[in-house]
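Breakdown of the fold
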Amino acid sequence: MKLLTDKGNQHSLKAVIAASVTGIKLDLKEVGYTDQVVPYLRKNRLPVLDCGNGDYIFSANSICRYLLAQGGLDVDDTQVDEWLEWEATQLQPVLGVFLASLYGSGKANVDSLKSLLTHLNSLLQGKQFLVGKGISAADISVWAALYPAQASRSDLLPQYPNVESWFMGLSGQSAFEAGVSAVTNGKGAGSFKASILAQPLVPMPVADARTAKDEESSVSEDVSSEEMEGARQAWLYGKATTPTPRARNHPLLPEEGQRNVLITSALPYVNNVPHLGNIIGCVLSADVFSRFCRLRNYNSLYICGTDEYGTATETKALAEGLTPKQICDKYYKIHHDIYKWFSIDFDHFGRTTTQQQTEIAQDIFLRLHERDFLLRDTVEQLLCVKCNRFLADRFVEGTCPLCNYPDARGDQCDKCSKLINATELKNPRCKICNDSPIIKTSEHLFLDLPKLQSRLQVYYDRVSAAGDWTANAKHVTSSWLRDGLKPRCITRDLKWGTPVPLDGFREKVFYVWFDAPIGYPSITANYTDQWEKWWKNPEQVELYNFMAKDNIPFHSVIFPCSLIGADDNYTIVNHLIATEYLNYEDGKFSKSRGIGVFGDMAKDTGIPSDIWRFYLLYVRPETMDSTFSWADLMLKNNSELLNNLGNFINRCLAFLEKNFGGVVPEMALEADDERLLALVTRELRSYKQLLEKSKIRDALRHILNISRLGNQHIQANQPWVLVKGGDKERARAGTVTGLCTNISCLVSTMLIPYMPVTSRTIQEQLNAPAECNVITENFVCYLVPGHKIGTPKPLFDKLDPALIDNLKKKFSGQKKQDNGSGDVSATPVSSAPVVDGPATPAADANEVQRLTDEVTKQGSVVRKLKSEKAEKSEIDKEVKKLLALKQELATASGQNPATPDSSSSKGKKKKGGKK
Amino acid sequence: MADIKQDLKALARFLDVKGVKVNVNSETKVPVLTLNGMTVTGLSSVANYLAKTAGRRDLIGGNDAAERAAVSQWLEYRVTEIDRCHSEKDVSTVLKELNSYLETRTFFLGERVTLPDLLIMYGVRSAVSLLTFQEKEKFMHLSRWCDNVQSIEGVLQKQQTPVFFVKNPLYAGVQS
């Protein structure tokens, strides 16, 4: 066996002596402290025993015991365990420091070892060995630990006579002498120096009980006296210099001298019921920021609405036997109600199907046309005469031109996976009516992005440096620019859309991706006819766009190019905040398979909207994808909301009511209180700083830190004991309680962007004045002595594991939803649909019917061939066809996940496969 | 990082040893066990003692000297490394080491659950539960091991919620 050790390492004595005692041959191999000896260890620990079979033992005590055991000399006694543990965990931390000092500077404080050696001394009373009647690993280990100290400071042990005699008794034994000789190379105590100075120190026990919560808020608890004084001044006198909340009168318009902030959230597509991922990605994130802007007294306007044009709506209308407008009306209301339930406080929530949309979109279009930023080109498209519509790629099927697979889709062949154009298909057929479409050329208009690229680049360089752009937004935009922009088609042969106001194109409409972002100004125009003060005013207005990452290029490249080309002083995006994807439990949201929580179902769970808001914001996918987990929701509710936030506020207010009649008493601040004020101020400032940059998830944690600090302050002062004391104690209890009541008030303000309903409840319980709803750098005392609060009541309910289990099962896809709008991948909602996006119910129902018919037909064909005993190759061919059809049928009826077809219309890769 | 008293009581319950009293010195963090008139001092000593009392020598390496050495080494690691993390950086180092070690092992001693699996899992649980999903994926082997151990019947007491792990990789190129 090999012992890997540096020269003169006193811990190696433990191994060498043990080997010597048992007569086991131990080879010493010299290694350096910087050599990686044990592959998985990040800190080097020496000596290490190489057992030879790939295993290493890096604990000196364990090596010692192992070698004794190999020689049949290990004692299986709990006392040996205890001594070894004492040596490693109690003796070494102190001894290590002592030795480092001793061998380093030559000076060391022997008193530091006093209690340890006293303990050792008392237990060695009348004993020759630490355990039992013979040498054990305990003796070897403790002896070896003390050896370098004793060898350098002969005056160390005499004060501890029992220790001394035990020590000397062992020193005389041959094994011990042999050990010393091997490790020091006969060169005496000095040879330990290099190793001792290189050895890492065993850490001391952690002084305070650090729970998981402390780990999280490991803010340095030291505050400077300047901070304390500053906090005290702000607390006492801040109210006079803190502004009161600004009045907001609609219609809100930019004002001179104010910070005018225009906030948009990506327009949800009207046809899809939003799921939690859509909600956190867009409207909820923007809502937090919008509410924060109001708390900062910025002049902000929050605009959003449903995006209503496009193929999907048209198709759904046909299926449901309604007009597209009726479909939009129906679904607009659904969206509107869901967001209302989630307390999303839009300043205006509109829709894209308005007169203003048509006017503004056509105006921009014509200006682009006048300035030569449009190109004409003909495009070949498949027209189904029977249905009288141009077929989008996903409505066409045929024979693959490359491999002859008979069921290739309009944009990609399932068999050979090559991308194709629908017009290249042999024997194409319309998926809806099965008729053969004809190829018609159609002229379309393209936005000349290459011509606008340089101007966009100048703009982008400026705003991405000056504004807040999330990393993903910058990456995507940079790569689009780097790859070189290509012209993009902005017209379509459809009926439901904004009509193109140009001769030769008047039967066409704008492609939804061109037209949808124009919804932002048009919805504003529906809010106020002075919309241009927001939208044609880049000098005075800052524009924030909130969205999920799939929408980035449309907001950072295409829409800005449209506006730049229109040359009308449009306000263009300054700050682009894009989230990553929210996953659901172990996978993705899917309406068709009933997996995941969709907007209209959240209410039915009985869990209040503020809890949903809190959790979604807590796990907001900012720099990376995140997951919605029921178990985690329960945990965060019960720990952070109930036990931390709710507990703090409720116990404080209840205590104030019970002991002080609900009236805030006089508060005489002591140093400890000022320290608390300073710490709270730190958290408040971090919160403010983070929310200014839309780091919504991180800012939330600071609110929780503050309530934690409040809880700790109460625990430390124990006002329930103080109130039973004399006047001085009672007064102290009053200060603590009053202070915490004010902290509750601060928390209620900070909570407004996240949990508005709860915040209102807290403020009612506090009877808080409206003026407290501002966020500044300072923590100000608003609830002054004499202020009477309202009635305290618990704020949150515990979420029961049984309930959560039930809900998790309910949303895990056991039931099939037959009116689903196809599999939605984790993609949060786009501001406009992908034209060739997920299959709509109409296609599905027809599809299933058609395929069922085909399967039946093909089944008969096969049966007939078999009964006629036809050629095997012929039968095989038809059987293959039958199996393929059956597969398709299963796919269309939602039993096997289908790869959603062409969002590759944009040439983008779809995220991940199905699980 | 961990609650020593709770961990030892959980261990006692797992081993079905009754009548256990544990006190922890708040300064030195040393636990003392009292059971049937016997006192044992120190986390790893107590753990060993409980295993022996419950007749579960298989958890402490049986008669195999190499296994017993490994058990004692890792229990020592729990006390000197895991329980003595003073900063986030220390925690991170510990998690990285454990993750590396567990890359090629199902449990600490290979294929069988032993005391180190229990005590180290108790020890790192709270730190692991605070990891983001991406970090859990980075420490893939640690996460796998942690999930395995916490799923063993009787390991987690009723009031302890298991740490949540997503079983499907969400991130590309994250594992170290």
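Residues numbered from 1 in each chain as written. Chains lettered and ligands numbered in written order. Predicted model: local features only at pLDDT ≥ 70, side-chain atom pairs only at ≥ 80, totals over all residues. Heavy atoms only, no water.

The name given to chain B in an unreviewed UniProt entry is GST C-terminal domain-containing protein, with the source organism recorded as Patiria miniata.

Chain A carries the name Methionine--tRNA ligase, cytoplasmic in an unreviewed UniProt entry, which gives Patiria miniata as its organism. Its UniProt record gives chain A a comment under Catalytic activity (unreviewed entry), which states: "tRNA(Met) + L-methionine + ATP = L-methionyl-tRNA(Met) + AMP + diphosphate". Per UniProt, the comment on chain A under Sequence similarities (unreviewed entry) is "Belongs to the class-I aminoacyl-tRNA synthetase family." (UniProt positions renumbered as here; feature names shortened; annotations may be inferred.)

**Here's the deal with the overall build of chain A**
Helices and strands together make up the secondary structure of chain A, namely 31 helices and 20 strands. Split into buried and exposed, the 915 residues of chain A put 58% on the buried side. Considering only contacts in chain A between residues 6 or more positions apart, those separated by 24 or more positions represent 77%. Of the roughly 37,300 Å² of accessible surface on chain A, 50% is carried by carbon and sulfur atoms. (Helix = DSSP H or I, 4+ residues; strand = E, 2+ residues; numbered from the N terminus. Buried < 20%, exposed > 50% of the residue type's maximum accessible area, 1.4 Å probe, protein only. Contact = heavy atoms within 4.5 Å. Areas by Shrake-Rupley, 256 points an atom, 1.4 Å probe, with all protein chains shown as cover.)

**Notes on the overall build of chain B**
When helices and strands are counted, chain B shows 7 helices and 3 strands. Within the span of chain B, comprising 176 residues, buried residues form 57% of the whole. Of the roughly 7,400 Å² of accessible surface on chain B, a fraction of 48% belongs to carbon and sulfur atoms.

**Remarks on the interface of chain B and chain A**
Counting from both sides, the interface comprises 51 residues of chain B and, opposite them, 45 residues of chain A. Buried surface at the junction of chain B and chain A, both sides included, amounts to about 4,200 Å², of which 53% is carbon and sulfur. Ranking the residues of chain B by area buried against chain A places Q73, R84 and E97 of chain B at the top, with a combined share of 15%. Our count for the contact surface shared by chain B and chain A stands at 8 salt bridges. A salt bridge links R105 of chain B to D55 of chain A, with the nearest nitrogen and oxygen atoms 3.7 Å apart. Of the residues assigned to the side of chain B that touches chain A, the class counts are 19 nonpolar, 18 polar and 14 charged. (Buried area = accessible area lost by both parts, 1.4 Å probe. Salt bridge = Lys/Arg side-chain N within 4 Å of Asp/Glu carboxyl O. Nonpolar A, V, L, I, M, F, W, Y, C, P; charged D, E, K, R; others polar.)

**Observations concerning a positive patch on the surface**
All names here are of chain B. A cluster of basic residues, K5, K9, R13 and K21, forms a positive patch on the protein surface. If you tally residues by element for the positive patch, the top one is helix α1 (residues 4-15), at 3 residues. Here R13 is to be found in helix α1. Residue class for R13 comes out partly exposed when judged on its relative accessible area of 44%. (Patch = residues over 30% accessible without salt bridge, like charges linked within 9 Å, V, L, I, M, F, W, Y side chains within 5 Å. Lys, Arg positive; Asp, Glu negative; His and termini not counted. Charge placed at Lys NZ, Arg CZ, Asp CG, Glu CD.)

**Notes on the confidence of the model for chain B**
Residues and elements named next belong to chain B. In the predicted model, chain B carries a mean pLDDT of 87, and the fraction of residues at 70 or more is 95%. No element of chain B has a lower mean pLDDT than helix α6 (residues 133-138), at 83, and none a higher one than helix α2 (residues 43-53), at 93. For this predicted complex, the interface confidence score (ipTM) comes to 0.93, while the overall pTM stands at 0.60. (pLDDT = per-residue confidence, 0-100.)

**Some points on the packing of helix α24 (residues 671-692) of chain A against helix α27 (residues 727-750) of chain A**
Residue and element names in this part refer to chain A. The geometry of α24 relative to α27 is characterised by a closest axis approach of 12 Å and an angle of 5° between their N-to-C directions. Judged by the inter-axis angle, α24 sits roughly parallel to α27. Taken together, the residues of α27 that come into contact with α24 (itself represented by D673, L676, L677, V680, L684 and Y687) are R732, T735, L739, I743, L746 and M750. Residue classes in the contact of α24 with α27 are distributed as 9 nonpolar, 1 polar and 2 charged. (Axes fitted to C-alpha atoms, helices over the stretch in contact; angles between N-to-C directions. Parallel < 35°, antiparallel > 145°, perpendicular 65-115°, else oblique.)

**Quick word on the pattern of salt bridges**
Enumeration over the complete set of coordinates arrives at 57 salt bridges over all chains. In this structure, D76 of chain A and R57 of chain B form a salt bridge, with 3.0 Å as the shortest nitrogen-oxygen distance. Here the residue D76 of chain A occupies a position in the loop between α2 (60-70) and α3 (78-104), and R57 of chain B occupies one in the loop between α2 and α3 (65-82), the pair thus bridging two chains. Overall, the relative accessible area of 39% leaves D76 of chain A in the partly exposed class.

**Focus on the packing of aromatic side chains**
Under the criterion given, the structure shown has 43 aromatic pairs over all chains. On the basis of an interplanar angle of 20° and a centroid distance of 5.1 Å, the ring pair of W143 of chain A and F167 of chain A is categorised as stacked. Linking W143 of chain A in helix α5 (residues 137-152) with F167 of chain A in helix α6 (residues 161-171), this pair joins segments that are 24 residues apart in sequence. For the pair shown, W143 of chain A and F167 of chain A are each scored as buried. Residue placement shows R701 of chain A over the ring face of Y618 of chain A; its charged tip is 4.2 Å from the ring centre. In this structure, K136 of chain B packs its charged tip against the face of F133 of chain B, placed 5.0 Å from the ring centre. (Phe/Tyr/Trp six-rings, centres within 6.5 Å; stacked < 30°, edge-to-face > 60°. Lys NZ or Arg CZ within 6 Å of the ring centre and 35° of its normal.)

**Observations regarding the nonpolar core**
The biggest cluster of nonpolar side chains holds 173 residues, and the ones touching the most others in it are F628, W630, Y687 and Y754 of chain A. Counting the residues that make up this core, at least three belong to each of domain 2 (216-223 + 227-239 + 608-772) and domain 3 (242-367 + 482-605) of chain A. Contact partners of Y754 of chain A, with chain neighbours within four places excluded, come to V288, R613, L617, Y687, L691, I696, A699, L700 and I703 of chain A. Residues Y101, M121, L142 and F165 of chain B belong to the second largest nonpolar core, which totals 67 residues. (Core = buried A, V, L, I, M, F, W, Y, C linked by side-chain atoms within 4.5 Å. Domains from an automatic or database assignment.)

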